[in-house]
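Reading the structure
So you can see what is in the structure, the chains are spelled out below.
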Amino acid sequence: MKQIEVSTPKRTKEIIARHGFSFKKSLGQNFLIDSNILNRIVDAAELSKDKAALEIGPGIGALTQRLAQEAGKVTAVEIDQRLIPILSEILAEEEHVDVVHGDVLQLDLAKLFQDKFAGFSKVSVVANLPYYVTTPILMKLLEEKLPLEHIVVMIQKEVAQRMAAKPGGKDYGSLSIAVQYYCTTEIVCMVPHTVFIPQPNVDSAVIKLSLRQQPAVAVDDEAFFFRVVQSAFAQRRKTLINNLLQLTGKEKRPQLTELLEQIEIDPGRRGETLSLDEYAKLSQALKASGLAG
Ligand code: SAM
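Keep in mind that what you see is a predicted model, and the values were worked out from it rather than measured.

Time to look at the domain arrangement of the protein chain. One can read the domain layout of the protein chain as domain 1 (9-211) and domain 2 (222-289). On a C-alpha basis, the centres of domain 1 and domain 2 stand 35 Å from each other. Domain 1 puts nine residues into the contact, and the matching count from domain 2 is ten residues. A per-class count over the side of domain 1 that touches domain 2 returns five nonpolar, four polar and no charged.

Moving on, we get to the UniProt feature "binding site: S-adenosyl-L-methionine" (unreviewed entry) in the protein chain. Under the UniProt annotation, "binding site: S-adenosyl-L-methionine" (unreviewed entry) lies at Asn-30, Leu-32, Gly-57, Glu-78, Asp-103 and Asn-128. Considering the arrangement of structural elements, one finds Glu-78 in strand S3 (residues 73-78). By C-beta crowding, Glu-78 is classed as buried, having 25 other C-beta atoms within 10 Å. Ignoring any residue separated from it by four or fewer positions in sequence, one finds Glu-78 in contact with Gly-57, Pro-58, Leu-83, Ile-84, Leu-87, Val-99 and His-101. Tracing the sequence through the fold places Asp-103 in the loop between strand S4 (97-101) and helix H5 (109-117). A residue is classified by how many C-beta atoms lie within 10 Å of it, and Asp-103, with 11 of them, is exposed.

Listed under "domain: Ribosomal RNA adenine methylase transferase N-terminal" (unreviewed entry) in the UniProt record, and renumbered for this structure, are residues 37-213. With 34% helix and 28% strand, the stretch residues 37-213 has end C-alpha atoms that lie 29 Å from each other.

If you check the shell around the ligand, you find 23 residues, and the closest are Phe-31, Gly-57, Gly-59, Asn-128 and Pro-130. Those elements giving two or more residues to the shell around the ligand turn out to be strand S1 (31-32), helix H3 (62-70) and S3. Each residue belonging to the shell around the ligand can be placed in one class, and the counts come to 14 nonpolar, six polar and three charged.

Here helix H9 (residues 222-232) has its buried residues at Phe-225, Val-228, Val-229 and Ala-232. The buried residues of H9 occupy an angular sector of 95° when the element is viewed end-on, so they sit on one face. Where H9 is buried, its residues meet helix H8 (174-182), helix H10 (240-248) and helix H12 (276-289).

A word on the sheet that holds strand S6 (residues 148-156). Note: strands within a sheet are paired through backbone hydrogen bonds, in either parallel or antiparallel orientation. The seven strands lie next to each other as S4-S3-S2-S5-S6-S9-S7, forming an open sheet whose pairing is mixed. One side of each edge strand has no neighbouring strand; the edge strands of this open sheet are S4 and strand S7 (183-191). Neighbour to neighbour, the strand axes of the sheet diverge by 20° on average, direction disregarded. The sheet contacts of H5 involve strand S2 (52-56), S3, S4 and strand S5 (123-128), and relative to S3 the element is tilted by about 140°.

With that out of the way, let us pick up the environment of Val-188. Note on placement: Val-188 falls in strand S7. Using a count of 19 C-beta atoms within 10 Å as the deciding quantity, one classes Val-188 as partly exposed. Sequence separation between Val-188 and Leu-63 is 125 residues, and the spatial gap between their C-alpha atoms is 16 Å. In contact with Val-188, other than residues within four places in its own chain, are Arg-40, Ala-44, Val-206, Ile-207 and Lys-208.

Turning next to the nonpolar core. Counting 80 residues, the largest nonpolar core has Ile-41, Ala-53, Val-125, Val-126, Val-153 and Ile-207 as its most contacted members. Here this core gets six residues from one element, more than from any other, and that element is S6. Each of domain 1 (9-211) and domain 2 (222-289) gives at least three residues to this core. Excluding its chain neighbours within four sequence positions, the residues that come into contact with Ala-53 are Ala-45, Leu-47, Leu-67, Ala-71, Val-74, Ser-124 and Val-126.

Its location among the elements puts Gly-59 in the loop between S2 and H3. In sequence terms Gly-59 and Gln-29 are 30 residues apart; their C-alpha atoms lie 7.3 Å from each other. With residues near it in sequence (within four places) discarded, Gly-59 still touches Gln-29, Phe-31 and Leu-83.

We now examine unusual backbone geometry. Residue Ile-197 is joined to Pro-198 through a cis peptide bond whose omega torsion reads -20°. Here Pro-198 is to be found in the loop between strand S8 (196-197) and strand S9 (204-211). Although it is not a glycine, Lys-145 adopts a positive phi angle of roughly 50°. Look at Lys-145 and you get exposed, because 11 C-beta atoms sit within 10 Å. With a phi angle near 60°, Glu-264 is a residue other than glycine that sits in the positive phi range. Mapped onto the elements of the fold, Glu-264 is located in the loop between helix H11 (253-262) and H12.

With that settled, the discussion passes to the pairing of S4. Of the strand pairs in this sheet, S3 and S4 are connected by five bridges, and their pairing is parallel. From the neighbouring strand, Ala-76 faces S4, where its bridge partner is Val-99. Remark: the S3/helix H4 (residues 84-90)/S4 crossover connection has right-handed handedness.

Rules used throughout
- Residues numbered from 1 in each chain as written.
- Predicted model: local features only at pLDDT ≥ 70, side-chain atom pairs only at ≥ 80, totals over all residues.
- Domains from an automatic or database assignment.
- Contact = placed C-beta atoms within 7 Å.
- Nonpolar A, V, L, I, M, F, W, Y, C, P; charged D, E, K, R; others polar.
- UniProt positions renumbered as here; feature names shortened; annotations may be inferred.
- Helix = DSSP H or I, 4+ residues; strand = E, 2+ residues; numbered from the N terminus.
- Buried ≥ 20, exposed ≤ 12 C-beta atoms within 10 Å, placed from the backbone.
- Near = placed C-beta within 6 Å.
- Arc of directions from axis to C-beta.
- Pairing = 2+ DSSP bridges.
- Axes fitted to C-alpha atoms, helices over the stretch in contact; angles between N-to-C directions.
- Core = buried A, V, L, I, M, F, W, Y, C linked by C-beta atoms within 7 Å.
- Right-handed = clockwise from strand over helix to strand, strands pointing away.

This is the structure:
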């Protein structure tokens, strides 16, 4: 017998009531109750039976059920022990779905990939993320260089806009650069807060990150590149050179000015106007100069 889909307000409320489940705000528990949005998320992930999906925070399994229909294998990581029996019930007939109880930030994801996705060359992360840990989760996925095809996630609208922002605007910052270094970005759709139980205070967006074969720019020292980017945005009102002086020490202002002029970046610009290419050029030149210690 096919399981009944859980993504309607009535079914969600019924399951929650039957299990006596109470939402924990501290775990970012806002369950999606709109099947159109679920479809938009799943369609964007371009799944097929020869691909696998990792879901973070399955809740009561509404998205998990849809992923199970499309992908050859689904692994869902849920931190809240109280949801595990509910997920076992909802997903009882889905043999290619595993639920792992744990905190995704603490898990050894490389090992999880080996254990759960052996034989699948294409794995995507698809999730309605808990908003209180969106950025740490995404940075963990990217920095661990997992063999991912796409990351399609529902996140807070403002965070999605910052991830997809281009140089020159107020949304562009170190998060835009970190994400765009590893991925191309596409905002799939905006999502009003009314499609969740309980409703969050903020609006959301679905963003699709497609992992690049190679990072967007070539740098010799990735950690140093990100240090340069962080310091360029340390205080948004300050000029690039004034922010970079924290890396070199104030006494190196003349040498830093000369270096920026040599690579044709005006020291009076602000961090938010530099492209990824310019940050790569800057980090390479700073590293080679030895000015940043
Ligand atoms: N996927 C469900 C949906 O769309 O209705 C629930 C999404 S809800 C926004 C976020 C889910 O992530 C919750 O089930 C919550 O318990 C879980 N969660 C929160 N922090 C987590 C963590 N660190 N690791 C794994 N799951 C987490």
